[in-house]
Amino acid sequence: MTGAKRKRNAVCRKIPAFRFADIKIWCLRRLPILEWMPIYNWKENLIPDTVSGMMLAIQQVTQGLAFAILSSVHPVFGLYGSFFPVIIYAIFGMGRHVATGTFALTSLISANAVERLVPSASSNFTTNNNSGVLGLSEFEMQRIGVAAAVSFLGGIIQVSMFMLQLGSATFLLTEPVISAMTTGAATHVVTSQVKYLLGMKMPYISGPLGFFHIYAYVFENIRSVQLEALLLSLLSIVVLVLVKELNEKFQKNIKVVLPVDLLLVIATSIACYYADMEYIYGLEVVGHIPEGLPSPKPPPMNVLPEVVTEAFGVALVGYVASLALAQDSAKKFKYTVDDNQEFLAHGLSNVIPSFFFCIPSAAAMGRTALLYSTGAKTQVACLISCVLILVVIYAIGPMLYWLPMCVLASIIVVGLKGMLIQFRDLKKYWNVDKVDWSIWVSTYIFTICFAANVGLLYGVLCTVVIVIFRFPRAKTLNLKKMKEVEYKCKTEDNCESLKHVNIVSVNNPLVFLNARKFHADLIKIIQKDNMSSQACEDVNKCEQNTLLCSFSSGSCRGEPLQSCHSEQRVLILDCSGLNFFDYTGVSVLLQIYMDCKSRHIDMLLAHCKGKYQLTAKLLTCQFIYRHYLTNAHVCFIAASLIKAMQYGGNLESETPVFFESISSAVNAIQIHRNYSKFSEQSEV
């Protein structure tokens, strides 16, 4: 009995410990702040995060006011939307350089619901009909109630997608589709600001082809343009563009970026106040900004069934745009982002703030780029910006009464520059894959003709259908046995010269459906080879999968990369099965090339499909002359792939080497290593 009791007590003691360990692991996975905050380097990171946070707060305030107006609600709710979602994302989000908050595309989508359910009675934000909440009118509270309901339901949809583990389905969102959708949505946003830029009184126009109806109305009523508002808008846009271009040009020489948005807001507000432009010239101004934070209140649940369409648009468009920024920052600063965790982070960033009268939120390209340029390290920069925004809400907000609406519209338009210049990607897509180019153009047309969510849905469906039709037509060549015999003969002749050489076969077309898995599997093979300390002579022991077939490997030892400088590692990609590729596939090849370079591994490509032509420029470049001196075998370039990779990335000074066959690549490696040994012996 005593022994049984002891065993029972031991089991009981293990159960709580096991559960505690599980809870700890879960918290670290779902609360990323618990992972990076305890190891935060206060000495090195606090100063750059503080500077970035101050600059970010300025942009958050101006964009918050502007995007609230874009969402057809009172500007003060934009300040709340720049405060609460930022805190939530800092706790649950994984993007260290992602600045969430108010967002132009989600604001435009929520404006459809606001204008439909609470039609505009008056465009004046200074209505004196007090509702008892924040000193605003009942009309304004009804409008923010609809916007908050859109945010709440959109967040619920995102959290539901997190629970269904739909983050793994994001591979369907290709770069051309996202680029076209965001560019089209940015075009919509600019169009929605035309009435403020021109000082015109215009009814709210939306729905299919609403983009064209707006410009038709403008041309029909061109005589009602307010000259003072037009001149002030043009002046603001010129100043913003000029100063921001100078900031980008001289950002390496100056430590602090000039806050032109803040200076413009202050200058125009003072000018409007002293010149009394609101009454003399009839300029529309922001009006009264209430002080303090509101008490929490649930959004009106009775309108949820009527905003389902807008909620899905906010959930999908906001998540797609934010995830693209998070993945770009993760790629740039060498960390990982969980796509599914981002669903949870952005979902909670919409659900919780909706109880504080916040409009839908997402990450913005301009704010994220600002964090890059100012040297931000972590989400501490965003938390510091929240402190400064709180100061604005309680102290500085009322001073913004005289800010002209046309200036806010100018700030919106210039802030969308990063999205609008994505038109330049058309040349890149044309040279990489004309199918991706056609998808971009058609997705953009669908977006401007209908809406961002419709364009996104069309782009995904179009991409999937095209790939389905292209895959059956692809002929995957199976030349494995022939190459194995060829390679074994080479290794028998001079096995020592082929140490640290891996050959990996690409057996399928490389497109958005398999590009991510291709990259992950190849990195695993490289890491396994680097960590291995034993010979890899048995080919069958190498990792196999449906996308990659590492069918041959030289005798490789697990010495540190630093000690293997004389025996440089080489990775040969056999592209005999690579019948076609899209832009995502080319981007993955470029990323693999850069990863190999950072690991001191030379990457070669052999058996590339396409028309082979001799490139004298590549043969004479310093890279090949220094590394692969060969007389018997010349390098042949696959015109289609090398052209695509050149347009996909900046490889002018470090062009990947393309060989006609694996044997020519292996011979080049042998000749180079024999030459290196001969040079060393000659020096001795």
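Fair warning: this is a prediction, and the values are worked out from it, not measured in the lab. Counting restarts for each chain, with residues numbered from 1 along the sequence as it is written. At least 70 in pLDDT is required for a residue's local features to be given in this predicted model, at least 80 for side-chain atom pairs to be given and counted, and no such filter applies to totals for whole chains, interfaces and linings, which use all residues. No hydrogens and no water enter the side-chain calculation; it runs on all heavy atoms of the structure.

**Some remarks on the overall build of the chain**
Next up, step 1: Secondary structure assignment for the chain yields 29 helices and 9 strands.
Next up, step 2: Out of the 684 residues in the chain, the part that is buried amounts to 54%.
Next up, step 3: Whether two residues touch is decided by their heavy atoms; if any such pair falls within 4.5 Å, the residues are in contact. Looking at the chain alone, contacts between residues at least 24 apart form 84% of all its contacts between residues at least 6 apart.
Next up, step 4: Per-residue and other accessible areas follow the Shrake-Rupley method at a 1.4 Å probe size, with only the shown protein chains counted as cover for residues. Entry remark: accessible area of the chain is about 31800 Å², with carbon and sulfur atoms responsible for 63%. Counting from the N terminus, the helices are the DSSP runs of H or I reaching at least four residues and the strands are the DSSP runs of E reaching at least two. Here's how the labels work: a residue is buried when its accessible area is under 20% of the maximum for its type, exposed when over 50%, partly exposed in between, all with a 1.4 Å probe on protein chains only.

**Points about the packing of helix α6 (residues 104–117) against helix α7 (residues 138–163)**
Next up, step 1: It is the contact of α6 with α7, at a shortest axis distance of 9 Å, that shows an interaxial angle of 140°. By the angle class used here, α6 and α7 are oblique. For the pair α6 and α7, the sense of crossing is right-handed. Residues Ser-110, Ala-113, Val-114, Glu-115 and Leu-117 of α6 touch α7, and the partners they reach there are Arg-143, Val-146, Ala-147 and Val-150.
Next up, step 2: In this classification, Asp, Glu, Lys and Arg are treated as charged, Ala, Val, Leu, Ile, Met, Phe, Trp, Tyr, Cys and Pro as nonpolar, and every other residue, Gly included, as polar. Among the residues making up the contact of α6 with α7, the classes are represented as 6 nonpolar, 1 polar and 2 charged. In this analysis, axes come from line fits to C-alpha atoms, helices being fitted only over the stretch in contact, and the angle between any two N-to-C directions falls in the range 0 to 180 degrees. Roughly parallel here means an angle under 35 degrees, roughly antiparallel means over 145, roughly perpendicular means 65 to 115, and every remaining angle is called oblique. By definition, any crossing whose near helix is turned counterclockwise from its far helix by less than a right angle is left-handed, and any crossing with a clockwise turn is right-handed.

**Describing the pairing of strand β3 (residues 501–506)**
Next up, step 1: Most of β3 sits out of view: 6 of its 6 residues are buried.
Next up, step 2: Burial along β3 is two-sided: Val-501, Ile-503 and Ser-505 and Asn-502, Val-504 and Val-506, pointing in opposite directions, are all buried.
Next up, step 3: Both β3 and strand β5 (residues 569–574) contribute to a ladder of 5 bridges, which runs parallel. Directly across from Ser-505, in β5, lies its bridge partner Asp-574. Any two strands between which DSSP finds at least two bridges are classified as paired.

**Things to note about the environment of Ser-168**
Next up, step 1: Assignment of secondary structure puts Ser-168 in the loop between α7 and α8 (175–192).
Next up, step 2: On the basis of relative accessible area, Ser-168 is assigned to the exposed category, the value being 54%.
Next up, step 3: Put simply, Ser-168 and Asp-339 are 171 residues apart on the chain and 6.8 Å apart in space, counted from C-alpha to C-alpha.

**Some details on the nonpolar core**
Next up, step 1: Counting residues in each nonpolar core, the largest one holds 126 residues, and the members touching the most others are Leu-65, Phe-77, Tyr-80, Ile-144, Val-189, Leu-408 and Leu-416.
Next up, step 2: Per-element accounting of this core gives the leading share, 13 residues, to α7.
Next up, step 3: Beyond its immediate chain neighbours, meaning those up to four positions away, Leu-416 contacts Ala-104, Ala-186, Val-189 and Val-190.
Next up, step 4: Remark: nonpolar core denotes a set of buried residues (Ala, Val, Leu, Ile, Met, Phe, Trp, Tyr, Cys) joined through side-chain atoms within 4.5 Å. Judged by nonpolar contacts, the second largest core, of 32 residues, contains Val-432, Ile-526, Tyr-583 and Leu-589.

**Remarks on the side chain of His-188**
Next up, step 1: Considering the arrangement of structural elements, one finds His-188 in helix α8.
Next up, step 2: Polar contacts involving the side chain of His-188 include one to the main-chain carbonyl oxygen of Ile-448, which spans 3.2 Å.
Next up, step 3: In this structure His-188 touches Leu-108, Phe-211, Thr-447, Ile-448 and Phe-450, once residues within four positions along its chain are discounted. Within 3.5 Å is the distance limit for a polar contact, defined as a pair of N or O atoms, with the added protein rule that one can donate a hydrogen and the other accept it, and that residues adjacent in sequence qualify only through two side-chain atoms.

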